[in-house]
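Here are the chains, one letter per residue:
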Amino acid sequence: MRRSSWTSLGLGVAVVTLLAVLPLLAIQVPGVLPGPTYTPGALQLLALCMVYATLALSYNMLLGTGGMLSFGHALYFGGGAYGLGIVLERTDLSLWPAVALTLLGALAVALVTGAVSLRVSGIPFAMVTLAFAQAGSVLVRRNPDGLTGGDEGLSLDTEHVPAALVGVVHTRNLYWLALAVVVIAYLAVLWVDRSRVGHVAAASRENELRVRSLGLQPYTAKLFVFVVGGAVASLAGVLYLLLQSGTVPRSVGADLTVTVLVMVVLGGVGSRWGAIVGGVIYTLLNQRLTLLAGSDAIESLPTVLHVPLSEPMFILGALFIAVVLFMPGGIAGAARSGFGRGRSRSGATVLEAADDQGEQRVLEPQP
Amino acid sequence: MSTFVLLLATGLGLGALYFLVASGLSLIYGLMHVLNFAHGSFLTLGAFLGWAVAQRMDPSSWTGFVASVLVGALVGALVATLTELLLIRPLYDRHIEQVLVTVGLSLATVALFEGIWGTDADFIRGPAWLDETTGVLGARIPNDRFLIIAVAVLVLVAIVVFLRRTRYGMIIRAGVENRAMVTALGIDVRRAFTLVFAIGGAAAGLGGVLASHYFGYVSPTLGGSLLIFAFIVTVIGGLGSLTGAAVASVLVALLQQFANYYAGGTGDFVIVLALAVVLLVRPAGILGKVAA
Amino acid sequence: MSGPILSVQHLSASVAGQQVVEDVSFTVPATGITAVLGRNGVGKTSTLKAVMGLYQRRGEITLAGERIDGLPTHRVVQRGVGYVPEDREVFSRLTVAENLRLAERQPEPRRELVERLFPDLVARRDQMAGTLSGGQQQMVALARALLNDNRLLLVDEPTKGLAPLIVDQVADALEAASETVPILLVEQNLDVVRRLAGDAVVIAGGRVVHAAPAAALLADEALTQRLLGVHAETHDDKGAAR
Ligand SMILES: Nc1ncnc2c1ncn2[C@@H]1O[C@H](COP(=O)(O)OP(=O)(O)O)[C@@H](O)[C@H]1O
Ligand SMILES: [Mg+2]
């Protein structure tokens, strides 16, 4: 290993260790956390950050590694959440076998939908994945056989869940579980990025023709990345169900996919730690903006300001547009150029690769 | 029989709405390779402002209705033009980033609409004739279906005539096929970009007003819910193909209606299934990449 | 005559992040036909596209003394550069007439000239260009450039894949055009080069390796073979046999 990878390994271990002991400390972060770090409120929020960080990591693998712009990623997250909820409610399996069954199911769904979607690439791929997720979302709202609870959502049946993971007093256990899930997701993504398949997927992102001429199968490699991404997303969904003690249709909807996209672009496409940071910042920001929206300060503003500012999604959407227009590399890109560390690919090049029209791109009139 | 005719008319009406959204999407994609997620917001805004104008005048009068339709189309064209000029053009030819910007715009605008008009649906009404029915082969067809279908056919004809008969139409058709070569003939293709956005926006805004009569309400999510089906329509019809969009709009809407009625509300799944089948058999869609 | 119509200095170009032209310099005199020669894949097409602004470019390009390297493609064309691309690139779903109308940039386009040079196209004006034969498509592509009073034409392999009779017809058209406008011509058919070209620029590995009168180059068989490969010899033999 190179020296810099030792440094990042050390840094990673330090960060994880710090996060692991956080529930034992009483650190106040006013304006970010609702209370000291040992309180259930703060731990709940931090754990939610980790759920979304996991989801963002999985999405970054699709977009960053595989060059696949999916608009249906929520399907696998929601699949994890609803899948586990349904299995726990309808079977006598205990938690861990139920989780395993759920992940297997999600894997199968990702395999089938991925196999069809990857028949096309670029924008058509985005539309097709969106359609699949939409079908999932419709299914959940339809509430077949009362399985999903329709618009009300599904609450966690705790009968077979270990007591240590249930209730506010055990939030710190859920927090540790969430931390473990992020670490597992990170290692899974790292493993894919470093594996031969990951290299083929990444190479076919840059130049599909060249990969074909080497006799490799870009389709299979991309499908593999897609399926692993789906599995990690459903793991995040499983965690979400446990943490929130339930799930709602929003967790399968196109809105969630778009939210994840915002996280990844905010963090910097193609950067693993960028995805984590993006997920965390988005979650915190969303939380804060929602509180801000209801505050008196906002309420007292004139309508022109008060209406947009009381809509967190308006601010986040506008922020997202600004990032795409003015900070194409996201946070990771800004940090990289801030530290003056050149890297072979920027967020913008990675995005270009997700574009099936990329090879035909020629220079035309510039604005 | 009468049920069949009713389903047919309702399906055609829905197909007409899909077409009004999908035509713009398809033209924009064909020429610029941009998937416009904000298209639903053009529709929603057209519907809201159209309704606002109708309310100011007299919603039950034809003048009010016609004014609302015109305002809807105008508003759609205007916001679409602004979107192209301010957000799409600066990201020239970076298609994925352009898509991302439209995603952000759709997020922000839907939230904004919710802030302004609330999250609940506003129920609307129009001239009394629209709510009445006409008997066709024993079925009572709501009159608004006929109107929506007629308007969509008019829009289709107008766009085809524009594409076939005007110089800009020619530029757009040529650009869908080979944009670089259009510029190599000395033509600034960016004007055509703004134009397809304006046309698509007008069709969407118009569709918004008609959709609000079809469904009986306006809400901030009106556009988004139609947009997803319009996406499916454009993929099935073949991205960039106007005729494909027209044919697929009708097919998808009919399939959806009939499956909903005869197969226990499975319309949405049948459509996604149809999409999967089309992709497996013909990844380029029914009509591939043909303009008009 | 005055200075060169086109001067290319230190031109580099890249496409899809890959450098395809490296530090190319040459000039095109204000009259006659200048040939660009080189084996397949050395970067002739890319050089032309870079001049047109169709590929990302660096370096200095001047047209009649004015810089055009910062201009987008349509502005380069509006300055009076006509482009006939490799493989024709006609709009296959537009009719012949539409293809031509799209190319007209001036109030009084040279329709009579085009009709005189390519009578075939007149009869087929309402036919979809995609259904034309290769030769007819090439005529559409040439006609698009000849409709306007250009200051320079860039013509890329106009005889590629055409039957001998059509090759002659295309060469005739180029010869006629060259009386009023200078032409930069990429051409693999050395008979055509010998017949038409005054100067020749040879590109290899993305760089100019030779620039001299075309006749002198083609007379030197060893040099021709070294620079252009075995193709040269066969053409050369055929040329000699005539
Ligand atoms: N659009 C493109 N994408 C990738 N590589 C290209 C592209 N255009 C040209 N090249 C590469 O640039 C080199 C020069 O190509 P070209 O200019 O077409 O050569 P020539 O016209 O001399 O045969 C070739 O190696 C070719 O593979
Ligand atoms: Mg070439």
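Use the structure listed above.
One structure accompanies this document, and this report is about it. What you see as residue numbers is a count from 1 along each chain, following the sequence as written. Whichever chain is written first becomes A and whichever ligand is written first becomes 1, with later ones labelled in order. Only residues with pLDDT of at least 70 are given local features in this predicted model, and only at 80 or more are side-chain atom pairs given and counted; all residues enter the totals for whole chains, interfaces and linings. As a convention, hydrogens and water are excluded, and side-chain values are obtained from all of the structure's heavy atoms.

## Examining the overall build of chain A
Then step 1. Runs of E in the DSSP output that reach at least two residues are strands. Runs of H or I that reach at least four are helices, and both are numbered from the N terminus. Each helix and strand in chain A was counted, giving 16 helices and 2 strands.
Then step 2. Here, residues are in contact when the closest pair of their heavy atoms is within 4.5 Å. Relative to all contacts within chain A whose residues are 6 or more apart in sequence, the contacts with residues 24 or more apart total 72%.
Then step 3. In the form shown here, chain A has an accessible surface area of approximately 15,600 Å², with 65% of it arising from carbon and sulfur atoms. The method behind every accessible area is Shrake-Rupley, applied with a 1.4 Å probe, and residues are considered shielded solely by the protein chains displayed.

## With respect to the nonpolar core
Then step 1. In this description, a nonpolar core means a group of buried Ala, Val, Leu, Ile, Met, Phe, Trp, Tyr and Cys residues linked to one another through side-chain atoms lying within 4.5 Å. Working definition: with a 1.4 Å probe on protein chains only, accessible area under 20% of the residue-type maximum means buried, over 50% means exposed, and in between means partly exposed. Core analysis: the biggest nonpolar cluster contains 281 residues, and A:Phe71, C:Leu6 and C:Phe118 have the highest contact counts within it.
Then step 2. Examining the composition of this core, we find that 17 residues originate from one element, helix α2 (residues 40-65) of chain A, more than from any other.
Then step 3. If near-sequence neighbours (up to four positions away) are discounted, C:Leu6 is found in contact with C:Phe26, C:Thr27, C:Val28, C:Val51, C:Ile61, C:Thr62, C:Leu63, C:Ile68, C:Leu152 and C:Leu184.

## Focus on the site of ligand 1
Residues and elements named next belong to chain C.
Then step 1. In the neighbourhood of ligand 1, the contacting residues comprise Val 15, Val 20, Arg 39, Asn 40, Gly 41, Val 42, Gly 43, Lys 44, Thr 45, Ser 46 and Tyr 55.
Then step 2. The contact in question runs from an oxygen atom of ligand 1 to an N or O atom on the backbone of Val 42, over 3.3 Å.
Then step 3. Whenever a nitrogen or oxygen atom comes within 3.5 Å of another N or O atom, the pair is scored as a polar contact, on the condition that within protein one atom can donate a hydrogen and the other can accept it, and that pairs from neighbouring residues in sequence are kept only if both atoms are in side chains. Between ligand 1 and Ser 46 there is a distance of 2.5 Å, counted from an oxygen atom to a side-chain nitrogen or oxygen.
Then step 4. Protein coverage of the free-state accessible area of ligand 1, which is 560 Å², stands at 67%.
Then step 5. Considering each element in turn, the shell around ligand 1 owes the most residues, 3 residues, to helix α1 (residues 44-52).
Then step 6. Residue composition of the shell around ligand 1, by class: 4 nonpolar, 5 polar and 2 charged. Put simply, a residue is near a molecule or strand once any heavy atom of it comes within 4 Å of that molecule or strand. Residue classes follow a fixed rule: Ala, Val, Leu, Ile, Met, Phe, Trp, Tyr, Cys and Pro count as nonpolar, while Asp, Glu, Lys and Arg count as charged, and any other residue, Gly among them, counts as polar.

## As for the interface of chain B and chain A
Then step 1. Opposite the 49 residues of chain B that make contact, chain A presents 46 residues.
Then step 2. Carbon and sulfur atoms make up 77% of the surface buried where chain B meets chain A, a total of about 4,400 Å² over both sides.
Then step 3. Together, B:Ile96, B:Leu100 and B:Leu107 form the three largest contributors to the area buried by chain B at its contact with chain A, with a combined 15%.
Then step 4. Here, a salt bridge means any side-chain nitrogen of Lys or Arg that lies within 4 Å of a carboxyl oxygen of Asp or Glu. At the surface where chain B touches chain A, the tally comes to 1 salt bridge.
Then step 5. For the salt bridge of A:Arg142 with B:Asp268, the shortest nitrogen-to-oxygen distance reads 3.9 Å.
Then step 6. Viewed at the interface, chain A and chain B are joined by 1 residue pair in polar contact (both at pLDDT 80 or more).
Then step 7. Secondary-structure elements contributing two or more residues to the side of chain B that touches chain A are α4 (95-117), α8 (179-183), α9 (189-215), α10 (222-237) and α12 (267-281) of chain B.
Then step 8. Element by element, the count of residues in the side of chain B that touches chain A is highest for α4(B), at 16 residues.
Then step 9. Broken down by class, the residue content of the side of chain B that touches chain A amounts to 33 nonpolar, 7 polar and 9 charged. Two parts placed together each lose some accessible area; with a 1.4 Å probe, that loss summed over both constitutes the buried area.

## Quick notes on the sheet that holds strand β10 (residues 207-213) of chain C
Residues and elements named next belong to chain C.
Then step 1. Read across the open sheet, the 6 strands follow the order β6-β7-β8-β3-β9-β10; overall the sheet is mixed. In this open sheet, the two edge strands, each paired with only one partner strand, are β6 (81-84) and β10. Averaged over neighbouring strand pairs, the angle between their axes works out to 20 degrees when direction is ignored.
Then step 2. We treat two strands as partners when DSSP finds at least two bridges between them. Where β6 lies against strand β7 (residues 152-156), 4 bridges are found, and the strand directions are parallel. Counterpart to Val 84 in the pairing with β7 is Val 155.
Then step 3. The convention used is that axes are lines fitted to C-alpha atoms, helices contributing only their stretch in contact, and that angles between N-to-C directions extend from 0 to 180 degrees. Where helix α10 (residues 221-228) meets the sheet, its contacts fall on β3 (33-37), β9 (197-204) and β10, and the angle it forms with β10 comes to roughly 155 degrees.

## Some points on the coordination of the magnesium ion (ligand 2)
Six octahedral donors at a metal ideally form angles of 90 or 180 degrees, and four tetrahedral donors ideally form angles of 109.5 degrees.
Residues and elements named next belong to chain C.
Then step 1. Metal coordination here is assigned from N, O and S atoms located within 2.8 Å of the ion, or within 3.2 Å for Na, K and Ca; omission of water means that sites may look incomplete. Only Thr 45 (OG1) and Glu 86 (OE) from the protein coordinate the magnesium ion (ligand 2), and they sit 1.9 to 2.5 Å from it. Separated by 41 residues along the polypeptide, Thr 45 in helix α1 and Glu 86 in the loop between β6 and α3 (96-103) bring together distant segments of the chain.
Then step 2. By relative accessible area, which is 17% here, Thr 45 ends up buried.
Then step 3. In this structure Glu 86 comes out as buried when scored by relative accessible area, which is 18%.

## Regarding the packing of aromatic side chains
All names here are of chain B.
Then step 1. Pairing of aromatic side chains requires ring centres within 6.5 Å, counting the rings of Phe and Tyr and the six-membered ring of Trp. Pairs whose planes differ by under 30 degrees are stacked, by over 60 edge-to-face, and all others tilted. Under the criterion given, the structure shown has 19 aromatic pairs over all chains.
Then step 2. Aromatic pair Phe 4 and Phe 258: ring centres 5.2 Å apart, planes at 45 degrees, arrangement tilted. In this pair, Phe 4 is assigned in helix α1 (residues 2-32) and Phe 258 in helix α11 (residues 242-262), connecting sequence segments 254 residues apart.
Then step 3. Consider the rings of Tyr 214 and Phe 215, whose centres lie 4.9 Å apart with planes at 75 degrees: the pair is edge-to-face.
Then step 4. The ring of Tyr 214 has Arg 145 lying over it, and the distance from NZ or CZ to the ring centre is 4.3 Å. Whether a charge sits over a ring depends on NZ of Lys or CZ of Arg being within 6 Å of the ring centre and within 35 degrees of the ring normal.

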